[in-house]
Amino acid sequence: GATSELPRYMLVTSFNYCLQNMPKLNRVNCENIDVSAAQSLTGFFANNALLTSLDLSTWKVDNVTTLSNFLSGCSSLSYLNLNGWNTSKLQNMSNTFNNCKVLEEINMSSFNLSALTAITNCFAGCEKLINLNFGYDLNIEFDNSQLYLRNLLSVDSLISILNGLKDRTGTD
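Just so it is clear, the model here is predicted, and its values are computed rather than measured.

A. Geometry of unusual backbone geometry. Although it is not a glycine, Asn69 adopts a positive phi angle of roughly 60°. By the secondary structure assignment, Asn69 is in the loop between β1 (53-55) and β2 (79-81). At Asn121, a residue that is not glycine, the phi angle is positive and equals roughly 55°. Summarising the element assignment, Asn121 is placed in the loop between β3 (105-107) and β4 (131-135).

B. A look at the nonpolar core. Counting 38 residues, the largest nonpolar core has Leu41, Phe45, Trp59 and Phe97 as its most contacted members. The residues touching Phe45, leaving out its near neighbours within four places in the chain, are Leu19, Gln20, Val28, Cys30, Leu51, Leu54, Leu56, Trp59, Phe70, Leu71 and Cys74.

C. Expanded view of the side chain of Asn95. Relative to the assigned elements, Asn95 resides in the loop between β2 and β3. Here Asn95 falls in the buried class, since its relative accessible area comes to 19%. A distance of 2.9 Å separates a polar atom in the side chain of Asn95 from a polar atom in the side chain of Asn98. Ignoring anything within four residues of it in the chain, the contact list for Asn95 reads Asn69, Phe70, Ser72, Thr120, Asn121 and Cys122.

D. Highlighting the state of the cysteines. Tallying each qualifying case throughout the model produces zero disulfides. Looking at the unpaired Cys30, the closest cysteine sulfur is the one in Cys18, lying at 9.6 Å. Among the residues examined, Cys30 registers a relative accessible area of 1% and is labelled buried. Cysteine Cys122 is unpaired, with the sulfur of Cys126 as its nearest cysteine sulfur at 7.5 Å. On the basis of relative accessible area, Cys122 is assigned to the buried category, the value being 0%.

E. Just the side chain of Ser72, in detail. With respect to the helices, strands and loops of the structure, Ser72 is situated in the loop between β1 and β2. According to the relative accessible area criterion, Ser72 is buried, its value standing at 11%. Sequence-distant contacts of Ser72, defined by excluding residues within four places in its chain, comprise Ala46, Asn47, Asn95, Thr96 and Asn98.

The rules we used
- Residues numbered from 1 in each chain as written.
- Predicted model: local features only at pLDDT ≥ 70, side-chain atom pairs only at ≥ 80, totals over all residues.
- Heavy atoms only, no water.
- Helix = DSSP H or I, 4+ residues; strand = E, 2+ residues; numbered from the N terminus.
- Core = buried A, V, L, I, M, F, W, Y, C linked by side-chain atoms within 4.5 Å.
- Buried < 20%, exposed > 50% of the residue type's maximum accessible area, 1.4 Å probe, protein only.
- Contact = heavy atoms within 4.5 Å.
- Polar contact = N/O pair within 3.5 Å; in protein donor to acceptor, adjacent residues only side chain to side chain.
- Disulfide = S-S within 2.5 Å.

None of this, on its own, says anything about what the molecule does.
Right, here's the structure in full:
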């Protein structure tokens, strides 16, 4: 018999709000979603309050410039895998993890934030967040995440926090 393949969406440059506001969504297999041509993933999973786990390690995000509101409102998300992401073109992370209330750890060790220009409220409402791994031999562990994350309104404040932690840890 003939075999059929799912169409490849190689020319899609925007996946804005693709899977947002799905009130019963608690899991999704993202392995075969091809975002390799995407420039914007704005609000992709926004407001999926029952979503608990996401493994996005297979995604090729080399062309993505915008992740604003990407996981905003995913208040039950407790596991997130972004390992291997090449984010060298990423400019906007505003509200990316906003109100991910139970997420305790975000591993961003593969992220290149050199093009980042907007990070307003990126981690706002992340009440349980205790570990941010930005790589470069630098892990950020918060005793009171809200103290730091409420003030993380700009790239400059992120850099300031990172530099402050480097100063305290002696990491270059």
